[in-house]
Amino acid sequence: MRRGAAGGIAVRAVKTVQAAMAAKAANTANGEGGEGRHGAGGADGAGRLHDVVIVGCGPAGLAAGLAAMEHGLDYLLIEQEPTLGGAVFHYPRHKVAMTAPVELALVGTMRFTDVRKERLLEFWQDVVARTRLQIRFGECLLELARAGDGFVVTTSRGTHRARCVLLAMGRRGTPRKLEVPGEDGPQVVYRLVDPSQYDGQEVLVVGGGDSALEAAIALAERPGTTVTLSYRGDAFARVRARNRDTLAALEAAGRVAVWLASHVTAIEPGRVHLHRTAGAHVLANDAVIVCAGGQLPVGLLQRAGVAFDMHHGQ
Ligand SMILES: Cc1cc2nc3c(=O)[nH]c(=O)nc-3n(C[C@H](O)[C@H](O)[C@H](O)COP(=O)(O)OP(=O)(O)OC[C@H]3O[C@@H](n4cnc5c(N)ncnc54)[C@H](O)[C@@H]3O)c2cc1C
């Protein structure tokens, strides 16, 4: 575990907000805009120039949003998921997060050292409620382009203009979707967090990598859970041997059904449609867990002028 990682990130984010403040001060001196505003969650439109657009509401984005508020910046904080917390939200249930004390703007010193994920999320939700930090959930950054001294930020919900953009997007990327009808249903998730929540249910896991196999294995070991693993490939080519062997043993024992060369065509409440070489199938279903990897925003960032050094196998 990277001790104090959340604290270090918060500090870096605050420094970037300070850069936004400097940009704002310079523009104010030039006679452009300049009136500070706390919060920015309502209708936006490409006409309004924000001091800063913050992308992501994990620990870094949250800290940056609070710092922006404290300094009276006109900020816009967007988060692609329906909830805050970033990677912390997706930790396994009851995982203890280790962190060093950290200073949060508008809040003071956060004195947690070892804290359960649930408690940490509860603390952040309370901070958001108390400070009225505005977060635009379900809004995903799609494109970023320079425009004069600032940026045009294109998201899944529209276009924004900003003097500065703070990318607090983490390193997990955006989960790859199946792009099938019904995928936006509440029974569809992109990570297995707590296998026990599916006890007694009909679950479809989609994917052919280690995370898909590990999800299917964890679920197959739960009481009364019916598990099907669907993968479009003919074989699990790039997975750990131990996962492949464990899955094969569970399949032989009738604990998991493995559907190779299959793909999901539609999801409905109570059932899921798949296509397999032999034709169309409908499975009873309570939950779909898609483990199809993540799309890293490399192209988006490169188009925005961010340079990457690629290190392979180091
Ligand atoms: C299993 C695990 C255990 C860990 N344990 C610890 C620990 O004990 N202590 C510790 O200090 N650290 C720990 N870490 C690391 C810590 O969780 C991360 O360092 C921290 O969450 C990074 O924060 P972040 O805000 O930079 O990114 P993230 O937490 O990844 O948040 C990024 C946010 O940006 C959003 N986002 C991404 N792309 C877009 C987009 N295009 N548009 C809009 N929003 C977007 C994401 O949805 C996400 O909410 C752990 C990590 C993992 C995976």
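Attention here is on the structure that accompanies the text. (Residues numbered from 1 in each chain as written. Predicted model: local features only at pLDDT ≥ 70, side-chain atom pairs only at ≥ 80, totals over all residues.)

## Some points on the overall build of the protein
Part 1 of the argument: From N to C terminus, the protein includes six helices and 20 strands.
Part 2 of the argument: Taking all 314 residues of the protein together, the buried fraction comes to 34%.
Part 3 of the argument: Relative to all contacts within the protein whose residues are 6 or more apart in sequence, the contacts with residues 24 or more apart total 69%. (Helix = DSSP H or I, 4+ residues; strand = E, 2+ residues; numbered from the N terminus. Buried ≥ 20, exposed ≤ 12 C-beta atoms within 10 Å, placed from the backbone. Contact = placed C-beta atoms within 7 Å.)

## Concerning the pairing of strand β14 (residues 226–230)
Part 1 of the argument: Burial of β14 is extensive: four of the five residues sit out of reach of the surface.
Part 2 of the argument: The pairing of strand β13 (residues 202–206) with β14 spans five bridges and is classified as parallel. The partner of Val-203 across the bridge, within β14, is Val-227.
Part 3 of the argument: In this view, the connection linking β13 to its parallel neighbour β14 by way of helix α4 (residues 210–220) has right-handed handedness.
Part 4 of the argument: With four bridges connecting them, β14 and strand β15 (residues 256–259) associate as parallel partners. Note on β15: the bridge partner recorded for Ser-230 is Trp-259.
Part 5 of the argument: Handedness of the β14-helix α5 (residues 241–252)-β15 crossover: right-handed. (Pairing = 2+ DSSP bridges. Right-handed = clockwise from strand over helix to strand, strands pointing away.)

## Section: the sheet that holds strand β19 (residues 287–290)
Part 1 of the argument: The five strands are arranged β12-β19-β13-β14-β15 in an open sheet whose pairing can be described as parallel. The sheet is open, and its two borders are formed by β12 (188–189) and β15, each paired with just one other strand.
Part 2 of the argument: On top of the sheet, α4 reaches β13, β14, β15 and β19; it is set at about 165 degrees to β13, its chief contact. (Axes fitted to C-alpha atoms, helices over the stretch in contact; angles between N-to-C directions.)

## Comments concerning helix α2 (residues 59–70)
Part 1 of the argument: Across its twelve residues, α2 extends 17 Å between first and last C-alpha, which sits within 8% of the 16 Å expected from 1.5 Å per residue.
Part 2 of the argument: The buried fraction of α2 amounts to eleven of the twelve residues, a majority that puts the element mostly inside the structure.
Part 3 of the argument: Considered for burial, the residues of α2 that qualify are Pro-59, Ala-60, Gly-61, Leu-62, Ala-63, Ala-64, Gly-65, Leu-66, Ala-67, Ala-68 and Met-69.
Part 4 of the argument: The first or second residue beyond α2 is Gly-72, which carries a positive phi of 70 degrees. (Expected span 1.5 Å × (residues − 1).)

## Some thoughts on the environment of Leu-62
Part 1 of the argument: Position of Leu-62 relative to the elements: it lies in helix α2.
Part 2 of the argument: Overall, Leu-62 belongs to the buried group, with 29 C-beta atoms counted inside 10 Å.
Part 3 of the argument: Leave out the neighbours within four places in its chain, and Leu-62 touches Cys-57, Leu-84 and Trp-124.

## Quick look at the environment of Gly-58
Part 1 of the argument: With respect to the helices, strands and loops of the structure, Gly-58 is situated in the loop between β1 (49–55) and α2.
Part 2 of the argument: With 27 residues separating them in the primary sequence, Gly-58 and Gly-85 have C-alpha atoms 4.3 Å apart.
Part 3 of the argument: Non-local contacts of Gly-58, meaning those with residues more than four positions away in its chain, are made with Gly-85, Gly-86, Ala-87, Val-88, Ala-168 and Gly-170.

## Some words on the sheet that holds strand β17 (residues 271–276)
Part 1 of the argument: Pairing within the open sheet is antiparallel, and its three strands lie in the order β16-β17-β18. Pairing within the sheet leaves two strands with one partner each, and these edge strands are β16 (262–268) and β18 (279–284). Averaged over all pairs of adjacent strands, the angle between their axes in this sheet comes to 25 degrees, without regard to strand direction.
Part 2 of the argument: By the bridge criterion, six bridges tie β16 to β17 in an arrangement that is antiparallel. Bridged to Ser-262 within β17 is Arg-276.

## A few points about the packing of α4 against α5
Part 1 of the argument: Contact geometry of α4 with α5 gives a least axis separation of 10 Å together with a crossing angle of 40 degrees. When the axis of α4 is compared with that of α5, the two are oblique. With respect to the hand of their crossing, α4 and α5 are arranged in left-handed fashion. Taking contact as the criterion, the partners of Asp-210, Leu-213, Glu-214, Ala-216, Ile-217 and Ala-220 in α4 are, on α5, Asn-243, Thr-246, Leu-247 and Leu-250.
Part 2 of the argument: The residue makeup of the contact of α4 with α5, split by class, is six nonpolar, two polar and two charged. (Parallel < 35°, antiparallel > 145°, perpendicular 65-115°, else oblique. Left-handed = near helix turned anticlockwise from the far one by under 90°. Nonpolar A, V, L, I, M, F, W, Y, C, P; charged D, E, K, R; others polar.)

## Considering the environment of Leu-106
Part 1 of the argument: If you trace the backbone, Leu-106 turns up in the loop between β4 (102–104) and β5 (108–110).
Part 2 of the argument: For Leu-106, a count of 14 C-beta atoms within 10 Å puts it in the partly exposed group.
Part 3 of the argument: Distance from Leu-106 to Ala-63, taken between C-alpha atoms, is 9.6 Å for residues 43 residues apart in sequence.
Part 4 of the argument: Not counting residues up to four positions away in its chain, the partners in contact with Leu-106 are Leu-66, Met-69, Glu-70 and Thr-131.

## Some details on helix α3 (residues 117–131)
Part 1 of the argument: Taking 1.5 Å as the rise per residue, α3 with 15 residues should run 21 Å; its terminal C-alpha atoms sit 21 Å apart, in good agreement.
Part 2 of the argument: Taken together, the buried positions of α3 are Lys-117, Leu-120 and Trp-124. Taken around the axis of α3, the buried residues stretch over an arc of 65 degrees, which confines them to a single face. Exposed side of α3, more than 90 degrees from the buried face: Glu-122, Asp-126, Ala-129 and Arg-130 are the residues found there.
Part 3 of the argument: The elements touched by buried residues of α3 are α2, β3 (96–98) and β6 (114–116).
Part 4 of the argument: Downstream of α3 by a residue or two, Arg-132 has a phi angle that is positive, lying close to 60 degrees. (Arc of directions from axis to C-beta.)

All quantities given are derived from atomic positions and should not be read as evidence of function.
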